[in-house]
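Overview (structure and organization)
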Amino acid sequence: HEDPLLIAISTQAATDGDLFSIWLDDAANAKDKRIVSHVYTAPEDCEVTDREAWAMANPALGVFRSLKDVEGFAKQADRMPAKENSFRWLYLNQRIEATSPFLNRGEWTANNAAPTQESGATCFAGLDLSSSRDLTAFVMAFPDGDHFNVVSQFFMPREGIRERAKEDKVPYDIWADQGFITLIDGPVIIPAVVARAVADASMQFDIESIAYDRWRINDFTRELDILGAPLPLVPFGQGYKDMAPAVDKLERAVAERKLRHGNNPVMNMCAANAVVERDPAGNRKLTKSKSVGRIDGLVALAMALGVQGMGDGAAATSPWDNPDFTLGG
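Cut-offs used in this document
- Residues numbered from 1 in each chain as written.
- Predicted model: local features only at pLDDT ≥ 70, side-chain atom pairs only at ≥ 80, totals over all residues.
- Heavy atoms only, no water.
- Helix = DSSP H or I, 4+ residues; strand = E, 2+ residues; numbered from the N terminus.
- Rg over C-alpha atoms; globule rule 2.2 N^0.38 Å.
- Buried < 20%, exposed > 50% of the residue type's maximum accessible area, 1.4 Å probe, protein only.
- Contact = heavy atoms within 4.5 Å.
- Areas by Shrake-Rupley, 256 points an atom, 1.4 Å probe, with all protein chains shown as cover.
- Lys, Arg positive; Asp, Glu negative; His and termini not counted.
- Charge placed at Lys NZ, Arg CZ, Asp CG, Glu CD.
- Axes fitted to C-alpha atoms, helices over the stretch in contact; angles between N-to-C directions.
- Parallel < 35°, antiparallel > 145°, perpendicular 65-115°, else oblique.
- pLDDT = per-residue confidence, 0-100.

Secondary structure summary: the protein contains 12 helices and 9 strands in total. Taking 2.2 N^0.38 as the reference for a compact globule, 329 residues should give roughly 20 Å; the C-alpha atoms of the protein span a radius of gyration of 22 Å, in line with that estimate. Within the protein, buried positions represent 45% of all 329 residues. For the protein, the share of sequence-separated contacts (at least 6 apart) that also reach a separation of at least 24 residues comes to 67%. Total accessible area computed for the protein in this model is approximately 17200 Å², and 50% of it derives from carbon and sulfur atoms. Averaging the positions of the 34 positive and the 47 negative side-chain charges in the protein gives two centres separated by 6 Å.

On to the packing of helix 11 (residues 265–273) against helix 12 (residues 296–308). Relative to each other, helix 11 and helix 12 sit at 90°, their axes nearing to 7 Å. Judged by the angle between their axes, helix 11 and helix 12 are roughly perpendicular. Counting all contacts with helix 11, which are made through M267, C270 and A271, the residues of helix 12 involved are D296, G297, L298 and L301.

Moving on: the confidence of the model for the protein. Low pLDDT means the predicted coordinates in that region are not meant to be read closely. Overall, the prediction assigns the protein a mean pLDDT of 87, with 92% of residues at 70 or greater. Taken element by element, the protein is modelled with least confidence in helix 4 (residues 81–90), mean pLDDT 79, and with most confidence in strand 7 (residues 259–260), mean pLDDT 97. Throughout residues 312–329 the model reports pLDDT below 50, and contacts reaching past four residues in sequence, or to other chains, amount to 41 contacts.

Dropping the structure here:
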């Protein structure tokens, strides 16, 4: 083809990881004269009743785009918070989930500074082990004054990575090539690989506690025994009792811009997908069943922040307490 042409017309996709979002961001950053991109969208911080914002996102407003239709939905979104995200997505063409997420996109983005931890620094960690083919997350939170430096590691099986990327509409394969996901050879997660990575981190940093979900933890601890790595593991319940204070702490840290998560795209995806559910008393927990995609990284981060407040003595002995400790010995 001498003159190939691709035309894509759509409202914005919900997250940065969606294919259409990747295309738009590439068009904005590449400065490629062969790419023509027009995005009609309202300012992120606009009010839903702002008529100038309506016109910015709908250039045909009042011509063949019904002004009455937009007015009606805007009034509904203004009085019903549950409708606001749908209005911003479908009527203001903003990159936002139609469902109400746990974290505000703008507030999360404001925490994207690079972490500044040094070797030997003290941290608290969270480990969210996955089923055999899903995303596994290990996240360390390093206290730095009243801030936290966040370092994230993610693992997925190499076999079938492109198929999972297509199924979830998330570029796992690209993120793996960029070093944000560690691919494990074969079709399933191998606990030994994750155990080795966590043990290596415990030798580089002073990990006070590693909070873990009990799911598949026996496979993980068996591999630690083989390595001879006595990691400071702390069980962390996924119910309201343990998760509610952790979720509150995470939300405050994000709102007060006290995280430095380094703009890790996998963690960004998890933050964008996260949804919470409440019990009758108003306590909240992150829920995977109601979230729009994978949230493992944010669950691990919440556990890391939560285990910091559990007090001294909660964890097992750390390898750092033994100056003669070596992996496998």
